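Each chain is listed here by its residues.
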Amino acid sequence: MNVEFNTADVKALRTLLEGARRIMLTCHMSPDGDALGSTLAMRSLLRTMGKDARVITPDEPPHYLRVIPGARTVMAWSSFGSRVESLIAGADLVLCMDYNGISRLSRLGPAVEATAAPRVLIDHHKNPESFTVLTFSYPDMSSTCELTYHLIRAMGWEDRIDTEVATCLMSGIITDTGGFHYNSNSPELYRVLASLMERGVDKDRLMRWLVDTHSAASMRLEAHAIAERMELFADDHAALVVLEKDDLDRFGYKKGDTEGLVNKPLAIPGIIYSCYMRQEKDYIKVSMRSLADFPVDRLCREYFGGGGHLNAAGGEFRGTMEEAVRIFREALPRNRELISQRALEYADR
Ligand code: 5GP
Ligand code: MN
């Protein structure tokens, strides 16, 4: 159960971690289970080594991620502002986990860019930017949590994976695979999971919190979204769900309430990719998901200034909902060229 790391890089990471006292663990805006799970796992492990390790996020994580041990200790730039900027400025080391470029940090970016502390990237998104002294970029990993597990082992710290660390790591694997629904065909992943279970993880409880929990309001919003706001483009194998401010207000939308909604249309036979657009205060949040080899990261990058993974990507579109919807519709015929035989077979049930 080993990943091919560059031995010198692993040694360098270990030396950096051992030599640092104040270690800041950062992740992308709108933190998800993998962003939080990977940073909180390292926080927990480093604290048992006597380090002053803290997780710093651009904005507050959603409520349902509180099941991850240590989630309440996270310091968000949106709440702590200059205090977290001082922490990053005064750090001995900054870990950049589950993101591949400074722009993913939103308004936390300038502080991470300006720090004199060395930065280390630990991530599974493609095309990492070069802003770190060490880069562990493994796009084939299901999650940054899976990668973090392998790195901890490679550094010889496997014994430091206690129940808490293992629970954090399991959380990110669960959320980045949608509860083992996608990106989870590697046999290796199940060896990692078995090893985490041996450390006492309550996997069933995590699944309930992270996958099977919906507030009544969010369940109603999702039902409304599918009944009234989902459009299917059968010939293009595509689905689009649009939620405007009115929709969100009517159901008392709270951050995280539509987590998972974008996946729903993929259940429909024939649908290969799905797009969900939500009106935010000053942008349109775009989320896309796909089956097989249909590249939604490419669409998000080309049309909405975003990015992500082959099958799960997103973006923040600075424009109106009408424009965003028009761009999506106009791209449909062009996107047909991206539909492979394999994707058609995947979608055909
Ligand atoms: P989600 O749809 O859950 O927000 O994001 C799905 C995936 O796309 C995640 O891996 C996330 O990191 C990536 N992603 C989401 N929004 C953006 C964005 O604005 N820019 C880039 N580069 N990636 C994004
Ligand atoms: Mn991730």
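Use the structure listed above.
In this report, we go over the structure that sits alongside the text. (Residues numbered from 1 in each chain as written. Chains lettered and ligands numbered in written order. Predicted model: local features only at pLDDT ≥ 70, side-chain atom pairs only at ≥ 80, totals over all residues. Heavy atoms only, no water.)

## Focus on the site of ligand 1
Working step 1: As a structural note, the neighbourhood of ligand 1 is formed by 14 residues, with Arg104, His125, Lys285, Ser287 and Arg289 the closest of them.
Working step 2: Within the contact set of ligand 1, an oxygen atom lies 3.2 Å away from a backbone nitrogen or oxygen of Gly314.
Working step 3: Across the complex, the protein chains shield 81% of the 490 Å² of accessible surface that ligand 1 would expose by itself.
Working step 4: Looking at the shell around ligand 1, the elements with two or more residues in it are β10 (284-290), β11 (307-308) and β12 (312-317). (Near = heavy atom within 4 Å. Polar contact = N/O pair within 3.5 Å; in protein donor to acceptor, adjacent residues only side chain to side chain. Areas by Shrake-Rupley, 256 points an atom, 1.4 Å probe, with all protein chains shown as cover. Helix = DSSP H or I, 4+ residues; strand = E, 2+ residues; numbered from the N terminus.)

## Description of the sheet that holds strand β9 (residues 273-279)
Working step 1: Strand order in the open sheet formed by six strands is β7-β8-β9-β10-β12-β11, and the pairing between neighbours is mixed. What marks the edges here is a single partner per strand, and that holds for β7 (230-233) and β11.
Working step 2: Of the pairings in the sheet, the one linking β9 to β10 comprises seven bridges and is antiparallel in character. Bridging across to β10, Met277 finds its partner in Val286.
Working step 3: Taken strand by strand, helix α12 (residues 296-304) contacts β9, β10, β11 and β12, and its axis lies near 10 degrees from that of β12.
Working step 4: Here helix α13 (residues 321-335) sits on the sheet in contact with β7, β8 (238-243), β9, β10 and β12, set at roughly 170 degrees to β9. (Pairing = 2+ DSSP bridges. Contact = heavy atoms within 4.5 Å. Axes fitted to C-alpha atoms, helices over the stretch in contact; angles between N-to-C directions.)

## With respect to the environment of Glu85
Working step 1: Secondary-structure assignment places Glu85 in helix α4 (residues 82-89).
Working step 2: In this structure Glu85 comes out as partly exposed when scored by relative accessible area, which is 33%.
Working step 3: Separated by 29 residues in sequence, Glu85 and Ile56 place their C-alpha atoms 9.5 Å apart. (Buried < 20%, exposed > 50% of the residue type's maximum accessible area, 1.4 Å probe, protein only.)

## Details of the packing of helix α2 (residues 33-48) against helix α7 (residues 163-176)
Working step 1: Relative orientation of the contacting elements α2 and α7 amounts to 165 degrees, with a least axis distance of 7 Å. Relative to α7, the element α2 is oriented roughly antiparallel. The two elements α2 and α7 cross, and the hand of that crossing is left-handed. From α2, Gly33, Asp34, Gly37, Leu40, Ala41, Arg43, Ser44 and Leu45 reach across to α7, where they touch Glu164, Val165, Cys168, Leu169, Ser171, Gly172, Thr175 and Asp176.
Working step 2: Looking at the contact of α2 with α7 residue by residue, the class counts come to six nonpolar, six polar and four charged. (Parallel < 35°, antiparallel > 145°, perpendicular 65-115°, else oblique. Left-handed = near helix turned anticlockwise from the far one by under 90°. Nonpolar A, V, L, I, M, F, W, Y, C, P; charged D, E, K, R; others polar.)

## A word on α12
Working step 1: For α12, the full list of buried residues reads Val296, Asp297, Leu299, Cys300, Tyr303 and Phe304. Viewed end-on, α12 has its buried residues packed into an arc of 160 degrees, placing them on one side of the element.
Working step 2: On its buried side, α12 packs onto β9, β10, β11, β12 and α13. (Arc of directions from axis to C-beta.)

## As for the nonpolar core
Working step 1: If you look at the biggest cluster of nonpolar residues, it comprises 52 residues, and the most contacted ones within it are Leu17, Leu25, Leu95, Phe136 and Leu196.
Working step 2: It is α7 that contributes the most residues to this core, seven residues altogether.
Working step 3: One finds Leu266, Cys275, Phe294 and Val296 within the second-largest nonpolar core, a separate group that totals 35 residues. (Core = buried A, V, L, I, M, F, W, Y, C linked by side-chain atoms within 4.5 Å.)

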